[in-house]
Amino acid sequence: MTVLVTGASGMLGRAVAVEVLDQGYTVRTFQRGVSGLTGVEDARGSLTDAGDVRRAVDGVEAVIHLAAKVSMAGRPEDFTAVNVEGTRTLLAAAREAGVGRFVMVSSPSVAHAGLSVAGDDALPADPGRARGEYARSKAAAELLALAEDAPAFAVVAVRPHIVWGPGDTQLIERIVDRSRRGRLPLLSGGRALIDTTYIDNAATAIVAALNHAVTVHGQSYVITNGEPRTVAELLDGICRAAGVPGPRFSVPARLAREAGGMIEAVWNRRPHADEPPMTRFLAEQLSTSHWYDQRRTRADLHWQPTVTLDEGLERLRAWYHQA
Amino acid sequence: MRTWHLLDNASELAAAGRTPTGTILCVHGNPTWSYLWRSVLSATVDAARSGSTQVWRVIAVDQLEMGFSERSGRTRTLAQRIADLSSLTAELGLEGPVVTLGHDWGGVVSLGWAVDHPQLLAGVMLLNTAVHQPEEFPLPAALRLVLTRSLLATSTVRTTAFLDTTLAIAHPALAPDVRRAFRAPYRTTARREGIGAFVADIPVDASHVSFDELTRVSAGVARLSVPALLLWGPRDPVFSDRYLGDLMARMPHAAVTRFENAGHLVGEDVPVAPMILQWLADEFSMPAAEPESVHAPAVVPAREYRALWATLEERAADTSAAVVEMAPHGSNTRSSVWPRNRSGAGAGGSAQGAGGGSATGGIRTVSWRLLARRVTELAAGLEALGVKKGDRVSLLVPPGADLTAVLYACLRIGAVVVVADAGLGVKGLSRAVRGARPQHVIGIESALAAARALGWPGQKISARTLSRTLASALGVSHSLADVARIGRATLRAADAADSARAAQAADSAQSTDGTRAADAGRVAEGTRTTQARGENADGFAVLRVAVPVPDDTAAILFTSGSTGPAKGVVYTHRQLSALVELLRDRFDIGAGTGLVAGFAPFALLGPALGATSVTPDMNVTSPKTLTAAAVVEAARAVQATVVFASPAALTNVLATSGALTLPQRRVLGRMRTVLSAGAPLPVPLLERFQSLVPEASIHTPYGMTEGLLMTDITLGEIVEAEHQAETEREAETRVARAARTTHASGTTDAPSAAIGGVCVGRPVAGVEIRISALDELGRATGSLEQTAGVTGEIVVSAEHLKDHYDQLWLTDREATRGTPSAAHAVGATRAGGDQVEGEQAEGEHADREQLDGERAHREQADGEQPDGEHVQGEQEDAEQANREQTAGQRPASRRWHRTGDVGHFDTRGRLWVEGRLVHVVTTAAGILTPVEPEQRIERLGEVRRAAVVGVGPKGTQQPVAIIETAKRARAVSLGETALVAEVRKVSGVDVVAVLVVPELPTDVRHNSKIDRTALARWAAELLAGRRPGRL
């Protein structure tokens, strides 16, 4: 079986492509540049180009769709173009090409309205209530994908929550960098519980969704390590692994949310190269709990995380030690 | 012809293709309408649609002149309303079986209909209502005000005041849309005429037009034998608990549940619909789901019944000490029932004083002889003051001679003593006393002041004699000294009469009938004793009061209230007697044993045990005020060898033992038995205590208010058990570790934390214990088993187990769920009614017949005769024969009780308690009981106390450790990295967080019991990133 993995240049996309390959499938990747992976066929192109997309899906039996615009700031139309319209294009092309399975990699933020989550299972995606452009566009994309679900076109949505691992530039590097500069605060003591996903676990879960798509199609699953920790402990653990000091001060969460809102406004008016230092979304994420009921996920996907949080941190430490 | 508005779910049932089992006929009160029953309608339809076994049609009427029914302009009396309803049901062609459901004055109308339709009637259900206005009591003030002629029309018709007030008393307040709906039919003055007329129809006295009809209904209700359910909200300004008491007296077989926080609109305050359906399901279904068969002797090997006062009676001439008080409150002995010290002798020898009662230097000693005499006098006096058998007497007197005397006096005359711990606090105590509705309250001043202030019911008797002003201010009619004096006078008068009669009887013994001769003979014997001793009789023979039978209710003991409002636990004489015999056997306590009684429930049994009990100098409401010196002084006074105390008390004894002198230590060295009753104590603490009492065996039995002694274990046995468990655990860990290396990940496929807990030993003689295993959501759904290593709810059975909970049908139901004594299996205890049953079985309706058949079947099971097929199939004839032939008695088969505790048996048959059921953490990987990991965490040097709680939804909870550090933390914080790592390591639990707090909250009464439920709520808030309230 040939599997198309979109967005294979990102950390998670690469890990998924490798996992698919490891499980004995033929892999084709789809991204702007080269994937840099060996043993895979690179189909380069853009999601916004229907022709590129049609060529990419030609002859594949399954699609794992990870490609997305991921950012905390940016113009809404850019998110829509890639995340919503790109997904629409891919879905149409895949159906046309006779693809049988479609794994939509989504995010728990598609169902998150800014309140704490403590042990909820995956709730329906809701673009109207999602916080921030990224989450809004991903929510719309997930709904599009699930709407296309049919017995002959098995769509499964998986939502890995806060994926991290060695070499992660999105989250880990930013935390470490901030901490190194003494600019990593805790919000209200960092007491909120957050569940994260070690990269390897996210990859195996996504491939498990591909393998069981025929029985679980039409469903959404949140993927996590199933080991919630307080934000303080997580940040401390990451900083320790990287050999930098942990967070040394705390900011009231309410203040951070307000500041985030202002910074966001400024960033949106005058786009910067870098990501904004704080957004309302980020402040909410760092000060409210986010952990999920994993029972259905594990039972339906016949999947268990293989790397514990502690082991993941140990691998992170080893990686920084090498670097 | 009248036009009615009514709600009927018949078409929905038909649409769902279901045929009704029967009909619930709902009658609202004033000023509501059928909307009141909306939840019953929807619940029955939902149940029918989801395929429930039973299908109930619900007809909820709007009474004429009310709701959306016709305004005929006529004033309807009670009789008219009952007739109205009857013609409606006739018109509807209503067939049986019918269960009525009424609220407020609709309750009376529904009962009137019930009384008039015995052919159709299958049961009655009532929410706050009344069928009788006792003449001796004034109408409730709230109603008196409304009834004031000038106010009546204004408040009920011209304005919406009455309507508004009624709707305003819901707890919590009604939602705006619900309130609007209740008001909808009563928008105009004209539409409210019925409200005023209804209020005016309340029969305030015999001259009222509806009085006779009310009397007819209330008399009819007393003859009803169909199942009855009373759901009651005590926070009702009109239908107070007094009316509940009246209804219960008329229908003693009724299942009753009081919802402490609910009021008049109990149907709005609590979800009554599911309870109603549950009750109907229990009452009107074949016992198809056989209760779990339990491999245990079905009948308790009955101990020989020995009246609780038997020892007192036997030792009525004994001048040695029975009860010693180290520091009686108030030194004015004239105000007490006990005579002034005449001997002046010190402790121990003082009992030899002529009066047998002495108070020296704060110590009061009461001999057996004096105690017996006082009990007799108080019994006679209480009886003379109208305390009848079955009357409830609330005793609000601290442990000591007064309480002992009045307690045994009550027991002897068959009055039911209501005992609630002052440790409940005024609020808790008030709830308990009011809820129990005692006819009499005997208390110390502070209790009587509370009784006055909080309006507790009942005749008030003061423990000590009060000044006339104070007595009148507190509404006190008599003091205990008065009661004793009245008793003495009564006895003397009776003696005199008896002497005369005895002389006569001796002359004409042949002519008297058997009973009287025997009676006279007994009296004569008593009289002879009296004469021989010269003064009052020793012993109780002179008492003319009937002796209560073993299965009469003896006492209602209130639970600590650590989980919700305190519950009244009902004990019969037989059950308490069994407890006494058990204590005597187990701890070898008997005549001559000196007992330091620092734990009230057992202390009161001292006289029954024949022990000399001494109450040490301490604040009884606060066990931790017991000092080592106080124990020594108390022990010295009676040469005690046994100490009963709560864990908090023992902890403080140990803490204050440093100040003891050598001679004082020697007194402790004489201790043979130390019993710590209540929460468990850690072994190191017990070991340190052992050094204080080197010769004593320290027992830490397991029990609860519902069953005071279930298992027992000594310190030595605990140490052995823990050692064995540790060894086995290590072996298991090795195996597990080996297994884990073969699987890449072993994190979640099995509950990882080793089960442990507190070893409480083996069941004591006559006690059976089973475990009902927990499912993944922490519900005790397993059958009753004894399999070692299985964790579940601890379910106990014993002769000395409680009889039932007072007015808590739902709690009773849960406490016996899945056991052979489940209400479902044994049937609700139902008094009499066999004859009426025969008449009712003539009903024509097929369903009706089936229903009757089922009920008859169950009642036969309840009944006395062992012939026929018994539900449980096991019944011991000898035991049957022994039992008293009283109505409403249940078979003496084993009673079972779900303790709400979780634990397991080890392979050696020892029970380990792992915590409370409600505190079980339900993780995705399995259930986790808190006690074991907590104990392990507490072994860390920096930790003083620990609590493990779960946050998140059941089944996927995350464990959290909350820690009180040895060095008191100044504020709440997250544990440091190193501490967190250590906690995870030692506990074996992957706690998501460690929270360090200045102090863990403990429940009101047991200083040692951590309120994990509150902690879990708090931790969930904090870890959600919200600001939690105060801890």
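The residue numbers shown here count from 1 along each chain, following its written sequence. Just so you know, chain letters begin at A and ligand numbers begin at 1, following the order they were written in. Local features in a predicted model are, by the rule used here, given only for residues with pLDDT of at least 70; side-chain atom pairs are given and counted only at 80 or more, and totals for whole chains, interfaces and linings are based on all residues.

1. What about the overall build of chain B?
When its secondary structure is counted, chain B shows 37 helices and 37 strands. Around each residue's C-beta, the other C-beta atoms within 10 Å are counted; 20 or more make the residue buried, 12 or fewer make it exposed, and counts in between make it partly exposed. All C-beta atoms are placed from the backbone. Counting only residues that meet the buried cut, chain B has 53% of its 1031 residues in that class. Residue pairs qualify as contacts under a 7 Å threshold applied to their C-beta atoms, which are placed from the backbone. The long-range fraction of contacts in chain B, counting pairs at least 24 apart against all pairs at least 6 apart in sequence, stands at 71%. Labels follow the DSSP assignment, with helices taken as runs of H or I lasting at least four residues and strands as runs of E lasting at least two, numbered in each case from the N terminus.

2. With respect to the interface of chain A and chain B
Listed per partner, the contact involves 27 residues of chain A and 23 residues of chain B. Elements that contribute at least two residues to the side of chain A that touches chain B include exactly β6 (117-120), β13 (229-230) and α8 (231-242) of chain A. The biggest single contributor to the side of chain A that touches chain B is α8(A), with three residues. Of the residues assigned to the side of chain A that touches chain B, the class counts are seven nonpolar, 13 polar and seven charged. In this count, Pro and Cys sit with the nonpolar residues alongside Ala, Val, Leu, Ile, Met, Phe, Trp and Tyr, while Asp, Glu, Lys and Arg are called charged and the others, Gly among them, polar.

3. Let's talk about the sheet that holds strand β7 (residues 154-160) of chain A
Residues and elements named next belong to chain A. Only strands joined by at least two bridges in the DSSP assignment are considered to pair. Spatially, seven strands are ordered β3-β2-β1-β4-β5-β7-β12 in an open sheet, and the strand pairing comes out parallel. Edge positions in the sheet fall to β3 (41-44) and β12 (220-223), since each has one partner strand and no second. The average undirected angle you get between the axes of adjacent strands in this sheet is 20°. Two elements, strand β1 (residues 2-6) and strand β2 (residues 26-31), share five bridges in a ladder whose sense is parallel. What sits directly across from V5, in β2, is T29. In this fold helix α4 (residues 132-147) packs onto β5 (101-105), β7 and β12, with an angle of close to 155° to the strand it touches most, β7. Convention adopted: a line fitted to C-alpha atoms gives each axis, helices being fitted over their contacting stretch, and angles between N-to-C directions are expressed from 0 to 180 degrees.

4. Overview of helix α18 (residues 445-454) of chain B
All names here are of chain B. All of the buried residues in α18 are A447, L448, A450 and A451. Taken down its axis, α18 places every buried residue within 155° of arc, on the same side. Exposed residues pointing more than 90 degrees away from the buried face of α18 are listed as S446 and A453. The inward-facing, buried residues of α18 contact β11 (392-396), α17 (425-436), β13 (440-443), β14 (459-462) and β15 (476-479). Note that the arc is defined by the directions from the helix axis to the C-beta atoms.

5. A short note on the packing of helix α15 (residues 368-384) of chain B against helix α16 (residues 401-413) of chain B
Residue and element names in this part refer to chain B. Where α15 contacts α16, the two axes come as close as 8 Å, and the packing angle between them is 55°. When the interaxial angle is binned, α15 and α16 end up oblique. For the pair α15 and α16, the crossing hand works out as right-handed. Counting all contacts with α15, which are made through L371, R374, V375, L378, A379, L382 and E383, the residues of α16 involved are T404, A405, V406, Y408, A409, C410, R412 and I413. In terms of residue class, the contact of α15 with α16 is made up of eleven nonpolar, one polar and three charged. The cut-offs work like this: below 35 degrees is roughly parallel, past 145 is roughly antiparallel, 65 to 115 is roughly perpendicular, and the gaps in between are oblique. Crossing handedness is defined as follows: a turn of the near helix away from the far one that is anticlockwise and smaller than a right angle gives a left-handed crossing, while the clockwise case is right-handed.

6. So, the confidence of the model for chain B
All names here are of chain B. Confidence of the predictor at the level of single residues is captured by pLDDT, which takes values from 0 to 100. For chain B, mean pLDDT is 80; residues scoring 70 or higher make up 80% of the total. In this model residues 329-334 is a low-confidence stretch, pLDDT under 50, and it forms five contacts with partners more than four residues away in sequence or in other chains. For residues 824-891, every residue scores under 50 in pLDDT, and the model assigns this stretch 97 contacts once sequence neighbours within four places are set aside. With pTM at 0.79, the complex prediction returns an ipTM value of 0.91.

7. Focus on the pairing of strand β27 (residues 780-785) of chain B
Residues and elements named next belong to chain B. Here strand β26 (residues 768-774) pairs with β27 via three bridges, running antiparallel. Residue pairing in the sheet places L774 in a bridge with A780 of β27. The loop that links β26 with its antiparallel partner β27 comprises five residues; one of these, G778, has a positive phi angle of about 80°.

8. Re the sheet that holds strand β2 (residues 22-27) of chain B
All names here are of chain B. One open sheet accounts for seven strands, arranged β1-β3-β2-β4-β5-β6-β7; its pairing is mixed. Edge positions in the open sheet fall to β1 (5-8) and β7 (255-258), since each of these has one partner strand only. This sheet shows a mean twist of 15° between the axes of neighbouring strands, independent of strand direction. Alignment of strand β6 (residues 228-232) against β7, held across four bridges, turns out to be parallel.

9. Some details on the pairing of strand β4 (residues 98-102) of chain B
Residues and elements named next belong to chain B. Within β4, five of the five residues are buried, leaving the element largely enclosed by the surrounding structure. Here β4 shows no split at all, with V98, T100 and G102 on one side and V99 and L101 on the other all buried. Note that β2 and β4 share five bridges and pair parallel. Looking at β4, one finds that I24 is bridged to V99. Here β4 runs beside strand β5 (residues 121-127); their pairing, made up of five bridges, is parallel. Along β5, the bridge assignment pairs V99 with G123. Whether a crossover is right-handed depends on one test, that the path from the first strand over the helix to the second runs clockwise when the strands point away from the viewer. Crossover handedness for the path β4 to helix α4 (residues 105-116) to β5: right-handed.

10. Some words on the nonpolar core
What tends to happen in soluble globular proteins is that the nonpolar side chains get buried as a cluster. Note on terminology: a nonpolar core is a set of buried residues of type Ala, Val, Leu, Ile, Met, Phe, Trp, Tyr or Cys, with members joined through C-beta atoms within 7 Å. Among the nonpolar cores identified, the biggest contains 389 residues, and A:I206, A:A209, B:F644 and B:A1019 are the most heavily contacted of them. Setting aside its immediate chain neighbours within four residues, A:I206 contacts A:V16, A:I64, A:V103, A:V105 and A:V158.

11. As for α16(B)
Residues and elements named next belong to chain B. The terminal C-alpha atoms of α16 lie 19 Å apart, and with 13 residues this matches the ideal 18 Å at 1.5 Å per residue to within 8%. Of all 13 residues that make up α16, 13 are buried, and the element is covered over most of its length. Of the residues flanking the end of α16, it is G414, one or two places downstream, whose phi is positive at about 85°. Helix span, as expected, comes to 1.5 Å for every residue beyond the first.

12. What about the packing of helix α3 (residues 76-96) of chain A against α4(A)?
Residue and element names in this part refer to chain A. Interhelical geometry of α3 versus α4 gives an angle of 15° and a closest axis separation of 9 Å. Regarding the angle of α3 to α4, the classification is roughly parallel. Pair α3 / α4 crosses with right-handed handedness. In contact with P76, F79, T80, N83, V84, T87, R88 and L91 of α3, α4 contributes E133, Y134, S137, K138, A140, A141, L144 and A145.

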